[in-house]
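# Summary of structural features
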Amino acid sequence: MSGQAITLPLSEEGTVQINAVQLEKLLEVALLTTPEPLSLAELKKLSDEPVENNIIEKILEQLAQKYAGRGVELNRVANGWRFRACPDMQPYLDRLSPQKSPRYSRAVMETLAIIVYRQPVTRGDIEEIRGVAVSSQILKTLEARGWIDTVGTRDTPGKPTLFATTKQLLDDLNLRSLQELPPLEEISNLLELDEA
Amino acid sequence: MSGQAITLPLSEEGTVQINAVQLEKLLEVALLTTPEPLSLAELKKLSDEPVENNIIEKILEQLAQKYAGRGVELNRVANGWRFRACPDMQPYLDRLSPQKSPRYSRAVMETLAIIVYRQPVTRGDIEEIRGVAVSSQILKTLEARGWIDTVGTRDTPGKPTLFATTKQLLDDLNLRSLQELPPLEEISNLLELDEA
Amino acid sequence: MPHDLFIPPDALEIVLETFQGPLDLLLYLIRKHNLDVLDIPMAQLTQQYMIYIEIMQRGRLELAAEYLLMAAVLIEIKSRMLLPRSPKLVDEGEEDPRVELMRRLLEYEQMKLAAQKLNELPLAGRDFELVQVLIERVEEQRLPNITVEDLRQVWLTLLARAKLNIHHTVRREELSVREQMTRVLRQLRHGEFEAFENLFEVSDGIASLVVAFIAILELAKETLVVITQAEALGNIYVRASNNLTVE
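Now for a quick tour of the structure.

Calculation criteria
Residues numbered from 1 in each chain as written. Chains lettered and ligands numbered in written order. Predicted model: local features only at pLDDT ≥ 70, side-chain atom pairs only at ≥ 80, totals over all residues. Heavy atoms only, no water. Helix = DSSP H or I, 4+ residues; strand = E, 2+ residues; numbered from the N terminus. Areas by Shrake-Rupley, 256 points an atom, 1.4 Å probe, with all protein chains shown as cover. Buried < 20%, exposed > 50% of the residue type's maximum accessible area, 1.4 Å probe, protein only. Contact = heavy atoms within 4.5 Å. Axes fitted to C-alpha atoms, helices over the stretch in contact; angles between N-to-C directions. Parallel < 35°, antiparallel > 145°, perpendicular 65-115°, else oblique. Nonpolar A, V, L, I, M, F, W, Y, C, P; charged D, E, K, R; others polar. Pairing = 2+ DSSP bridges. Buried area = accessible area lost by both parts, 1.4 Å probe. Salt bridge = Lys/Arg side-chain N within 4 Å of Asp/Glu carboxyl O. Expected span 1.5 Å × (residues − 1). Arc of directions from axis to C-beta. Phe/Tyr/Trp six-rings, centres within 6.5 Å; stacked < 30°, edge-to-face > 60°.

Moving on, we come to the overall build of chain A. Of regular secondary structure, chain A possesses nine helices and four strands. Put simply, chain A runs from its N terminus to its C terminus through helices and strands in the order α-α-α-β-β-α-α-α-α-β-β-α-α. For chain A, the exposed area adds up to about 8,900 Å²; of that, 49% sits on carbon and sulfur atoms.

Looking only at helices and strands, one finds nine helices and three strands in chain C. Here chain C holds 247 residues, and 45% of them are scored as buried. Within chain C, counting contacts between residues at least 6 apart in sequence, those at least 24 apart form 58% of the total. When the accessible area of chain C is evaluated, it comes to approximately 13,700 Å², of which 56% is carbon and sulfur surface.

All right, on to the packing of helix H2 (residues 22-32) of chain C against helix H6 (residues 98-120) of chain C then. Residue and element names in this part refer to chain C. Contact geometry for H2 and H6: axes closest at 10 Å, N-to-C directions at 95 degrees. One element, H2, and the other, H6, form an angle in the roughly perpendicular class. Of the residues in H6, those touching H2 at Leu-23, Asp-24, Leu-26, Leu-27, Ile-30 and Arg-31 are Leu-101, Arg-104, Leu-105, Tyr-108, Glu-109 and Lys-112. Residue classes in the contact of H2 with H6 are distributed as seven nonpolar, no polar and five charged.

Across the junction of Gln-119 of chain A and Pro-120 of chain A, the peptide omega takes the value -5 degrees, indicating a cis bond. If you trace the backbone, Pro-120 of chain A turns up in the loop between helix H5 (106-118) and helix H6 (123-130). Non-glycine residue Lys-159 of chain B carries a positive phi angle of around 45 degrees. Assignment of secondary structure puts Lys-159 of chain B in the loop between strand S3 (148-153) and strand S4 (161-165). The exposure class assigned to Lys-159 of chain B is partly exposed, which follows from its relative accessible area of 39%.

Moving on, we come to the pairing of strand S4 (residues 161-165) of chain A. Within a regular strand, side chains alternate between the sheet's two faces. All names here are of chain A. In terms of residue burial, S4 counts as a mostly covered element, since four of its five residues are buried. Here five bridges tie strand S3 (residues 148-153) to S4, and the two strands are oriented antiparallel to one another. The partner of Gly-152 across the bridge, within S4, is Leu-162.

Here we take up helix H7 (residues 136-144) of chain A. Burial in H7 of chain A covers these residues: Gln-137, Ile-138, Leu-139, Thr-141 and Leu-142 of chain A. With its phi angle positive at about 80 degrees, Gly-146 of chain A sits one or two positions after the end of H7 of chain A.

To continue, consider the sheet that holds strand S1 (residues 194-195) of chain C. Read from one edge to the other, the open sheet built from three strands follows the order S1-S3-S2 (chain C), with strand pairing classed as antiparallel. Each end of this open sheet is capped by a strand with a single partner; those strands are S1 and strand S2 (225-229) of chain C.

Attention shifts here to the pairing of strand S2 (residues 80-85) of chain B. All names here are of chain B. A large share of S2 lies buried, amounting to six of its six residues. Bridge count for strand S1 (residues 72-77) against S2 is six bridges, and the pairing is antiparallel. For Glu-73, the partnering residue across the bridge sits in S2 and is Arg-84.

Here we come to the interface of chain A and chain C. Contacts between the two partners involve 53 residues from chain A, matched on the other side by 47 residues from chain C. For the pairing of chain A and chain C, the buried interface totals around 4,800 Å² over both sides, and the portion due to carbon and sulfur atoms is 59%. Contact with chain C buries surface across chain A, with Arg-103, Arg-106 and Ile-129 of chain A losing the most and accounting together for 11% of the total. For the pair chain A and chain C, the interface holds four salt bridges.

On to helix H3 (residues 53-66) of chain A, then. Helical geometry note: an α-helix holds 3.6 residues per turn, so side chains three or four residues apart project in the same direction. All names here are of chain A. Taking 1.5 Å per residue, 14 residues should reach 20 Å; H3 reaches 20 Å between its end C-alpha atoms and fits that length. If you check which residues of H3 are buried, you get Ile-55, Ile-56, Ile-59, Leu-60 and Leu-63. Axial view of H3: buried residues confined to an arc of 135 degrees, hence all on one face. If you follow the buried residues of H3, they end up packed against helix H1 (20-33), helix H2 (40-44), strand S1 (72-77) and strand S2 (80-85).

A few words on the packing of aromatic side chains. Residues and elements named next belong to chain B. One pass over the structure, following the stated rule, counts eight aromatic pairs over all chains. With 4.8 Å between their ring centres and 65 degrees between their planes, Tyr-67 and Phe-83 make a pair best called edge-to-face. Residue Tyr-67 is located in the loop between helix H3 (53-66) and S1, and its partner Phe-83 is located in strand S2; the two are separated by 16 residues in the primary sequence. The residues Tyr-67 and Phe-83 share a single accessibility class, namely buried. Aromatic side chains Tyr-104 and Trp-147 sit 5.8 Å apart centroid to centroid with 70 degrees between the ring planes, which places their arrangement in the edge-to-face category. With Tyr-104 in the loop between helix H4 (90-96) and helix H5 (106-118) and Trp-147 in the loop between helix H7 (136-144) and S3, this residue pair connects regions lying 43 residues apart in the sequence.

Okay, structure coming up:
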């Protein structure tokens with residue numbers, strides 16, 4: 001690991017000397033000890049002097065570089081930056097503890113997909129698309145996981161609750177925004193599908 | 001971080017070629033993703049080839065060296081090896097954490113869940129259900145919290161201790177009795193039974 | 001009945017479970033028989049669907065209302081297509097009765113495929129681990145809090161992993177027995193014999209007495225307590241089968 005002091009270009013005055021080596025060290029510890037993503041606003045608190053976002057980002061990118069090729073990587077996700085083990089390490093880690101989060105049933109995943117791609121939606125909207133009743137247990141499961149929450153009600157009789165996805169879902173999928181999710185199949189493609 | 005292949009001296013035959021670089025990478029990932037200490041026996045499972053303790057220890061010491069001067073350090077403790085934040089980093093980390101609640105690791109939560117639902121149980125019972133060894137650290141964590149205690153021993157060879165949950169746990173969960181835990185049948189239908 | 005529709009009776013329930021509802025079943029039939037979604041041959045599709053419904057009913061499966069409703073919708077579309085359409089209505093742009101069904105089928109299929117893709121994405125805790133290095137806090141230790149929901153989720157994960165959930169659902173009654181087992185063991189912690197009747201809390205009501213009784217039997221079965229009776233009709237005593245020496 002390189003140890004030389006890196007002096008980064010600063011704002012107009014250019015006089016405040018930020019110790020980039022020390023800051024990198026602090027960012028690294030904070031990120032290694034926190035499984036949840038840390039936002040730039042939070043990471044800035046680590047510096048004794050005020051730092052600009054682009055400087056923090058520069059150091060973070062530099063830090064991410066240092067971990068290239070190793071078993072963990074520094075990623076930017078919806079709620080900020082966090083370290084994760086590379087997915088190709090999983091088979092080895094499973095040897096230590098075969099603890100796996102469960103896979104959800106099709107009912108749960110279809111409900112989630114509809115909320116992801118059609119949000120904000122009411123329970124009625126979901127039932128309309130799936131053609132079957134949606135048990136409140138399914139919605140509770142997704143809420144307990146922190147993947148969906150209620151964002152208001154629709155102004156129709158009964159004031160049904162509107163559901164939308166959270167940043168937590170994106171974090172768990174290691175994504176920055178909904179746009180990174182796989183796009184929906186075009187209807188025209190669906191017409192050509194032979195084998196389901 | 002140096003990337004050259006390190007060939008370590010091996011046992012008598014000296015022919016088994018252990019890829020020390022790959023092993024170091026695996027040890028690093030495993031230790032960075034597990035807050036509890038990992039024993040040599042567990043760490044050895046990461047290697048595809050059988051490795052001797054002294055080789056693993058040599059690689060661990062080498063790894064600890066690489067982290068010298070950084071914000072986290074690799075320590076050997078009673079139950080094995082683990083990374084921790086250097087104590088002098090704590091004032092900085094405290095700037096971040098006030099609003100973040102710490103969380104128990106999955107190993108701790110699983111152990112607690114088993115004691116809740118299967119009490120009174122021995123450590124062996126817990127290990128059988130979890131499929132992995134339960135470190136005494138985990139049980140100590142739960143005992144120190146006042147959530148479990150020992151209620152006797154089983155009359156089998158070795159006289160294993162029986163663990164059960166306490167009133168304190170019920171208080172902390174705001175329950176009057178364990179029966180107030182919600183029934184599970186409904187949700188278990190939401191999980192895919194055949195693991196993919 | 002077309003031979004490819006034959007389903008062994010014991011597999012029927014599984015087949016029904018694999019369909020997420022009538023739309024899913026219709027999609028399956030359309031894709032399986034290479035039917036054109038844009039020009040659904042109503043007679044053929046309705047016939048296929050009704051065969052399934054009949055098999056399900058013969059298997060005395062409780063049919064969800066949604067399946068029966070869909071049967072009604074199919075038959076309605078079919079009958080409307082049999083009626084000659086008045087040129088006037090056609091001019092006014094009366095829709096083909098199949099259009100709405102087609103739209104719903106395609107929308108559902110789109111979501112079904114999206115769900116599959118979503119489920120294939122690497123997920124934290126399942127396909128990759130998060131980095132978490134220990135912080136040993138010196139002062140003012142903040143202890144993690146947990147909720148009932150946390151415990152429930154973790155236990156479910158364990159069950160799923162152990163594949164116990166099929167035959168091994170945890171019921172409330174079972175938990176109450178476990179809870180009583182712990183209470184009795186605590187009471188016996190002094191290591192001495194305790195009179196059998198002292199192990200019951202009479203004021204708690206009959207249901208709780210029964211649970212306590214089952215708990216003591218369960219403890220005896222797991223050889224955690226020793227139950228003795230010197231003579232017929234004599235006093236019954238219970239003690240922990242092994243004294244807890246370390247406190």
